[in-house]
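# Geometric and topological summary
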Amino acid sequence: MNVNYLYSLLAVVVLGLVAYVGAGAAGLQGVFGIFLPYLAVVIFVAGFVYRVMDWAKSPVPFRIPTTSGQQQSLDWIKQNKLDNPSTLLGVLGRMFLEIVTFRSLFKNSRVELVGDRISYKWVVWLWLFAILFHYSFLAVVVRHLRFFLEPVPFFVQAIEQIDGILQVGLPGVFISGVTLLAGAVLLLLRRILLPKLNYISKAADYFPLLLIIGIALTGIMMRYFTKVDVVKVKELTMGLTTFHLGIPEGGLSALFYVHLFFVCILIVYIPFSKLMHMAGVFLSPTRNLANNSRMKRHINPWNPKVKFHTYDEYEDDFREKMIEAGLPVEKE
Amino acid sequence: MSDKPKIIIGLVVFFALFTFPFWYNHGKATSAPEPLLSAKAKEAKQCVRDVEYMRTEHMQLLDGWRDRTVRDAQRVYEINGKEYVASLSNTCMECHDNKADFCDRCHEYTSVNPYCWDCHTYPEEKK
Ligand code: HEM
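Note that this is a predicted model, so its numbers are computed, not measured.

## Let's talk about the overall build of chain A
- Across its full length, chain A carries 14 helices and 2 strands.
- Relative to a compact globule of 332 residues, whose C-alpha radius of gyration would be 20 Å, chain A shows 29 Å and is clearly more extended.
- Referenced to the eigenvectors of the C-alpha coordinate spread, the extents of chain A come out at roughly 105 × 60 × 45 Å.
- Looking at chain A as a whole, 41% of its 332 residues are labelled buried.
- A separation of at least 24 residues holds for 64% of the contacts in chain A among residues at least 6 apart in sequence.
- Carbon and sulfur atoms form 69% of the exposed surface of chain A, whose accessible area is close to 19,400 Å².
- With 31 positive and 22 negative side-chain charges, chain A shows a separation of 12 Å between the mean positions of the two kinds.

Below is the structure:
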C-alpha cells in the first residue's frame, strides 16, 4: 500500500490547524493576515525567478523531434504542420494549443494485454479532469480579483455573471468553485485508486492536490455555510495591495485565515515543486523547437572551441622540409 | 545559442500580470463603504435580525423568504415575537428605501450584482 497520501493529508490537516488556532484562539491575525501573505509573495517571486533563470542558463539543445506527425519532407508528402512544425509560426501554434487545450494530455493512452496481444487504448480521463481543474482554477482566481481591485474592472464582473448563470440559491452558486473541487478530487482519486499510478505517486504528488482541495473546501464553507464578512475581507486585502496595512475592526473568522494560510503555503510551495510546470510548459524543448534540423545547421552550444590546423596550412609550414625528405606536396 | 532574452521577456510579462493589483490600485487608500441608514430605518432602530447576522447572511434570509412565499404560500415571518411580511420590496425596501446609498454601496464595493431587480421594485430615490 502507498501511504504517501496519508502523510500529505496529515500535513494539510496540521497546516490548517496551525492557522485555525494561530489566528483564531491565539489571535495572531496580524501574522496570518499581513505578515505571512507578504512573506509568501516575496518567497514566490524570488523562488520563481531563481528557478526560471536556472533553466534559462542552460544552452538550447539540438532539436528534439519527438512528434506525432509527418515532418517536412518532399513536396508531395503532406507535412503535419501543427504536430511537427518546421517554422516559427507552426511552433507558436503548437505551443498555444498545448497550453490552452493540453493536447499532449489528450494523447494519453493505456497499455493493456488483450488476450495474448498488447494493445494501446486511448484514455480521455486525465485530459478531462485536468482541463476541468485548470479552467476552474483560472476562473476562481480571476473572480477573486474582486477582493484586490477597486473599482472592480469589467472583466471580473463579466466572469461573475457567466459563472453565476445557474442562479441557484443565495448567494448564487458559482459553477467554477464546484468544478474546481470536483476536478481536484477526481485527479486525487485517480492517483489513489489506479494501482499503477498509485505505485509511482509520492507525497509530493498528493500534497498539492490535497492543499488545493483544502483551499476550495474552506472557500466553499465560507461562501455558502459559515459565512464571512466580505466587506471586511476586502478591507484587509485592499490594505495589502495598497500598503495601508491593518486588520479590520473586529477581525475575521478563523476559517478565513485557514483559507488564506493554505493559499500562502501553496504559492510558497510552487517554485520548489512540480507546480513549476506553469513556467516549465513554456520551456519544454519537445514542444517549443521547430523540427528544422534538415534545413538549418544547429551548432552544439557546448562544443569546446577547437583550433583547426588544416592540411593546407600544414603544408605551408613544412613544405621545404617535405620536399627535402622527398615527400609529395600539392603546391610547389 | 541561449534563449535567455526571450525567457526574461516572458518572466517580465508574468510578473507584470502577477502584480496587477499593486499597480492597478497604485497605492491609493480605499475606505470600506458605509451603508447609509434611511430615516425610516433609523426610526425602527433594528433590523429583522441582529446586525451581525444581517451583514453576512441577509441573502440567506431573503432566500428563505422567497422559497417559503413562492412554494408554501407562507407570507409571514416570525422572529423574536415580531411578525414581518416576508417581502423584498414591501419589507426590506420599505425600511431601507434608499437602495443606492444602502444596498448598492456594499454591493458595488464587493462586486455583487443581485438580479432581483429585474422583477422586483424598489422605492424611487429622492435626490
Ligand atoms: C489559489 C488561490 C485561491 C483559490 C483557488 C481559492 C478558492 C476559493 C473557492 C473555490 C471559494 C468558494 C467560492 C467561489 O467559488 O468563489 C473561495 C471563496 C473565498 N475566498 Fe478564496 N481562493 C484563493 C485565494 C484567496 C485569497 C488570496 C483570498 C483573500 C485574501 C481568498 C478569500 C476568499 C473569500 C473571502 C471567499 C468567500 C467568498 C464569498 O463569501 O463570496 N481566497 N475561494
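What follows picks up the thread again.
## Quick word on the coordination of the iron atom of the ligand
- Bound to the iron atom of the ligand are the protein donor atoms His 144 of chain A (NE2) and His 259 of chain A (NE2), situated 2.0 Å from the metal.
- Judged by its relative accessible area of 12%, His 259 of chain A is buried.

## Quick notes on the site of the ligand
Residues and elements named next belong to chain A.
- Residues in contact with the ligand amount to 24 residues; listed here are only the nearest, Arg 143, His 144, Arg 146, Arg 223 and His 259.
- One of the side-chain nitrogen or oxygen atoms of His 144 is found 2.7 Å away from a nitrogen atom of the ligand.
- A distance of 2.8 Å separates an oxygen atom of the ligand from a polar side-chain atom of Arg 223.
- Sorting the residues of the shell around the ligand by element identifies helix 5 (125-144), helix 7 (175-193), helix 9 (203-225), helix 10 (230-242) and helix 11 (254-269) as the ones contributing at least two each.
- Per-element tally for the shell around the ligand: the top contributor is helix 9, with 6 residues.
- The residue inventory of the shell around the ligand, partitioned by class, reads 16 nonpolar, 5 polar and 3 charged.

## Here we look at the pattern of salt bridges
Residues and elements named next belong to chain A.
- As enumerated under the stated definition, the model contains 19 salt bridges over all chains in all.
- Among the salt bridges present, the one from Asp 205 reaches Arg 191, with a minimum N-O distance of 3.8 Å. You can see Asp 205 sitting in helix 9 and its partner Arg 191 sitting in helix 7, a full 14 residues away along the chain. One exposure class covers both Asp 205 and Arg 191, and it is buried.

## Here we look at a negative patch on the surface
- Where like charges cluster on the molecular surface, the negative patch consists of Asp 312, Glu 313, Asp 317 and Glu 330 of chain A.
- Looking at the element boundaries, Asp 312 of chain A is found in helix 14 (residues 311-324).

## Considerations on the interface of chain A and chain B
- Taken together, the contact pairs 45 residues of chain A with 36 residues of chain B.
- Approximately 3,600 Å² of surface area, both sides summed, lies buried where chain A meets chain B, with 69% of it carried by carbon and sulfur atoms.
- Where chain A meets chain B, there are 0 salt bridges.
- Applying the counting criterion to the chain A and chain B interface returns 10 residue pairs in polar contact (both at pLDDT 80 or more).
- Here the side of chain A that touches chain B gets 9 residues from one element, more than from any other, and that element is helix 2 (residues 29-57) of chain A.
- Looking at the side of chain A that touches chain B residue by residue, the class counts come to 29 nonpolar, 7 polar and 9 charged.

Reading guide: rules and limits
- Going along each chain's sequence as written, the residues are numbered from 1 onward.
- Here every chain gets a letter starting at A, and every ligand a number starting at 1, in the order they are written.
- Since the coordinates come from a predicted model, pLDDT governs what is reported: local features require at least 70, and pairs of side-chain atoms require 80 or more to be given and counted, while whole-chain, interface and lining totals use all residues.
- Processing note: side-chain calculations cover all non-hydrogen atoms of the structure and skip hydrogens and water entirely.
- Going along the chain from the N terminus, every DSSP run of H or I of four or more residues is numbered as a helix, and every run of E of two or more is numbered as a strand.
- Radius of gyration: C-alpha atoms only; globule rule: 2.2 Å multiplied by the number of residues to the exponent 0.38.
- Accessible area is worked out with a 1.4 Å probe on protein chains only. A residue is then buried under 20% of its type maximum, exposed over 50%, and partly exposed in between.
- By definition in these notes, contact holds between two residues if any of their heavy atoms fall within 4.5 Å.
- Per-residue and other accessible areas follow the Shrake-Rupley method at a 1.4 Å probe size, with only the shown protein chains counted as cover for residues.
- Positive charges are assigned to Lys and Arg, negative charges to Asp and Glu, while His and the chain termini are left out of the count.
- Positions of charges follow a simple convention, taking NZ of Lys, CZ of Arg, CG of Asp or CD of Glu.
- In this description, a donor is an N, O or S atom within 2.8 Å of the metal centre, a cutoff extended to 3.2 Å for sodium, potassium and calcium. Water is not part of the atom list, which can make sites seem incomplete.
- For this description, a residue counts as near a given molecule or strand if any of its non-hydrogen atoms is within 4 Å of it.
- What qualifies as a polar contact is a pair of N or O atoms within 3.5 Å, subject to a donor-acceptor requirement within protein and to the restriction that residues adjacent in sequence count only when both atoms come from side chains.
- Put simply, Ala, Val, Leu, Ile, Met, Phe, Trp, Tyr, Cys and Pro go in the nonpolar bin, Asp, Glu, Lys and Arg in the charged bin, and everything else, Gly too, in the polar bin.
- One side-chain nitrogen of Lys or Arg within 4 Å of one carboxyl oxygen of Asp or Glu is enough to make a salt bridge.
- Patches in this entry comprise residues that are over 30% relatively accessible and not in a salt bridge; like charges within 9 Å are linked, as are nonpolar side chains (Val, Leu, Ile, Met, Phe, Trp, Tyr) within 5 Å.
- In short, buried area is how much 1.4 Å probe accessible area vanishes from two parts on joining, totalled over both.

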